[in-house]
Amino acid sequence: MVHNDTSQRKVLICMNQRQQATSQTDIMKFPGKNSIEREYLAWREFKLNLPVTLQTVKLQKHGTLTDDEKQNILHQASLHNMAVFSVWSADGFTADHLKALGQQLGLQKPDNNLYADENDISEIRVIDRGRRGEYIPYTNRAMGWHTDGYYNSADKTIRAFILYCQQDAATGGTNQLLDPELAYIHIYDHNPDYIDALMQPDTLTIPATIENGRLIRPEQKSPVFSIEPDTGMLHMRYTRRKTYIQWKEDRLTRDALALLRDLLDNDSDSILNIRLNPGEGLISNNVLHNRSAFSDSEKKKRVMFRARYHDRLPTWLIDADRQMETPHAEPQ
Ligand SMILES: [Fe+2]
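One structure accompanies this document, and this report is about it. (Residues numbered from 1 in each chain as written. Predicted model: local features only at pLDDT ≥ 70, side-chain atom pairs only at ≥ 80, totals over all residues.)

Turning our attention to the overall build of the protein. Within the protein, the secondary structure is distributed over nine helices and 19 strands. Here the protein holds 332 residues, and 35% of them are scored as buried. (Helix = DSSP H or I, 4+ residues; strand = E, 2+ residues; numbered from the N terminus. Buried ≥ 20, exposed ≤ 12 C-beta atoms within 10 Å, placed from the backbone.)

This next bit is on the sheet that holds strand β3 (residues 121-124). Pairing within the open sheet is mixed, and its six strands lie in the order β1-β2-β16-β5-β19-β3. Each of the sheet's edge strands pairs with one partner strand only, and the pair in question is β1 (56-59) and β3. Strand-to-strand twist across the sheet, computed as the mean angle between neighbouring axes with direction ignored, equals 25°. Sheet strands in contact with helix α4 (residues 67-80) are β1, β2 (82-87) and β16 (280-284), and its direction is about 150° off that of β2. (Pairing = 2+ DSSP bridges. Axes fitted to C-alpha atoms, helices over the stretch in contact; angles between N-to-C directions. Contact = placed C-beta atoms within 7 Å.)

Side chains of a nonpolar character, in soluble globular proteins, are inclined to be buried together. Judged by nonpolar contacts, the single largest core of 62 residues is most densely connected at Ile-73, Ala-83, Leu-98, Ile-162, Ala-183, Ile-283 and Leu-288. The biggest single contributor to this core is strand β5 (residues 160-167), with six residues. The residue makeup of this core includes at least three contributed by each of domain 1 (5-48 + 180-256) and domain 2 (57-176 + 274-286 + 293-314). Discounting residues that sit within four places of it in the chain, Leu-288 has contacts with Trp-145, Thr-147, Leu-177, Leu-178, Pro-180, Ala-183, Met-236 and Tyr-238. (Core = buried A, V, L, I, M, F, W, Y, C linked by C-beta atoms within 7 Å. Domains from an automatic or database assignment.)

Where helix α6 (residues 180-190) meets helix α8 (residues 251-265), the closest approach of the two axes is 10 Å, and the angle between their N-to-C directions is 130°. On the basis of the axis angle, α6 is oblique to α8. Along this stretch, α6 crosses α8, giving a crossing that reads as right-handed. Packed against α6, whose contacting residues are Ala-183, His-186, Ile-187 and His-190, the element α8 presents Ala-256, Leu-259, Leu-260 and Leu-263 at the interface. For the contact of α6 with α8, a count of residues per class yields six nonpolar, two polar and no charged. (Parallel < 35°, antiparallel > 145°, perpendicular 65-115°, else oblique. Left-handed = near helix turned anticlockwise from the far one by under 90°. Nonpolar A, V, L, I, M, F, W, Y, C, P; charged D, E, K, R; others polar.)

Pairing is antiparallel in the open sheet, where four strands are placed in the order β4-β17-β7-β15. Pairing within the sheet leaves two strands with one partner each, and these edge strands are β4 (143-146) and β15 (272-274). Across the sheet, the mean angle separating the axes of adjacent strands is 15° when strand polarity is ignored. As paired strands, β4 and strand β17 (residues 288-291) are joined by two bridges and run antiparallel to one another. Each bridged residue has a counterpart across the sheet, and for His-146 the counterpart in β17 is His-289.

Next up on the list: the environment of Asp-67. With respect to the element layout, Asp-67 can be found in helix α4. It is 9.9 Å that separates the C-alpha atoms of Asp-67 and Leu-105, two residues lying 38 residues apart in sequence.

Here β2 lies mainly inside the structure; five of its six residues are buried. Pairing of β1 with β2 involves four bridges; the strand directions are parallel. Bridging across to β2, Lys-58 finds its partner in Ser-86. Note that the unit made of β1, α4 and β2 has a crossover that is right-handed. Bridging between β2 and β16 involves five bridges; their strand directions are antiparallel. Bridge assignment links Ala-83 to a residue of β16, and that residue is Ile-283. (Right-handed = clockwise from strand over helix to strand, strands pointing away.)

Moving on, we get to the packing of helix α3 (residues 35-48) against α6. Where α3 meets α6, the closest approach of the two axes is 11 Å, and the angle between their N-to-C directions is 125°. By the angle class used here, α3 and α6 are oblique. At the point where α3 passes α6, the crossing takes the left-handed sense. Facing α3, whose interface residues are Arg-44, Lys-47 and Leu-48, α6 presents Glu-181, Leu-182 and Ile-185. When grouped by side-chain class, the residues that make up the contact of α3 with α6 number three nonpolar, no polar and three charged.

Right, let's talk about the environment of Ile-73 for a bit. Here Ile-73 is to be found in helix α4. Taking the number of C-beta atoms within 10 Å as the measure of exposure, Ile-73 has 24 and is therefore buried. When the C-alpha atoms of Ile-73 and Gln-55 are compared, they prove to be 9.3 Å apart, with 18 residues separating the residues in sequence. In this structure Ile-73 touches Val-57, Ala-83, Phe-85, Leu-105 and Ile-283, once residues within four positions along its chain are discounted.

Taking 1.5 Å of rise per residue, the 14 residues of α4 would be expected to cover 20 Å, and the 20 Å separating its terminal C-alpha atoms lies within 8% of that figure. Three or more residues of α4 are buried, namely Asn-72, Ile-73, Leu-74, His-75, Gln-76, Ala-77, Ser-78, Leu-79 and His-80. Remark: Asn-81 follows α4 within two positions and exhibits a positive phi of approximately 65°. (Expected span 1.5 Å × (residues − 1).)

So far we have only geometry, and geometry alone does not tell us how the molecule works.
If you want it as structure tokens, here you go:
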């Protein structure tokens, strides 16, 4: 397999500083590889050997994180790009508390979308009437794989979100989650040229929204994978939906997308299944996710709080000694 300079550069910069230490052991493990490839292989091995589980971080007080709780969340996020938390009691936990949680975790740039409240938090529940009821999140229907804000302009890129369950449904409402870094590795393993295809700035096009002859939202073009210039971290935009989007029409893009769909549709070992209970939440660097259909009952009507952010969780702020505790599963 030939690695051209461009793809090597791309894999190098997508690596987090936590995984960049190329040790003497790595050099022995991967003889004949240049330093960029060694670093990529070391990072790949690190990621693939992580246990595919999330340890729930228990929070002791509404709206105030202890330093330990904050470090635990950031540590989990540094490994998986996501973390699960549970509050000590679902009673009394409000959107204000969720907002405070985001702030204390270093998320400084909340996204203010049409249906968010004054705290920039959206309450997601089944809405039967009005404009919101036309959007799948506000129905009980299944939602396909996506990253949040895949239709946003570059200046409104969603890099993190928090999803908190105030009330679960009577049945259903499970989320599947996939760390985009694992999707990247999977695709790169098959063909590095696929990564190049998915990094083209015009891979994904969201057509302009025009209503009654008025331009509501201009056309958006974006790559699927990109490297954040500020942090050097990988960012992903994706949607599994088939309508109102256009994919670049060339063979490499088509094949790369088919591989990604295959990964998502076939219950890969890398995919996490999570059904949040009342008082539990997910914090993530906008990982790939979907939602199964659900049914509400009179007593159990699903309500989720969702906050979105333009910045990522500052995982580079975790204590150095905590990085040493990183658990490794047995290689498979
Ligand atoms: Fe979403």
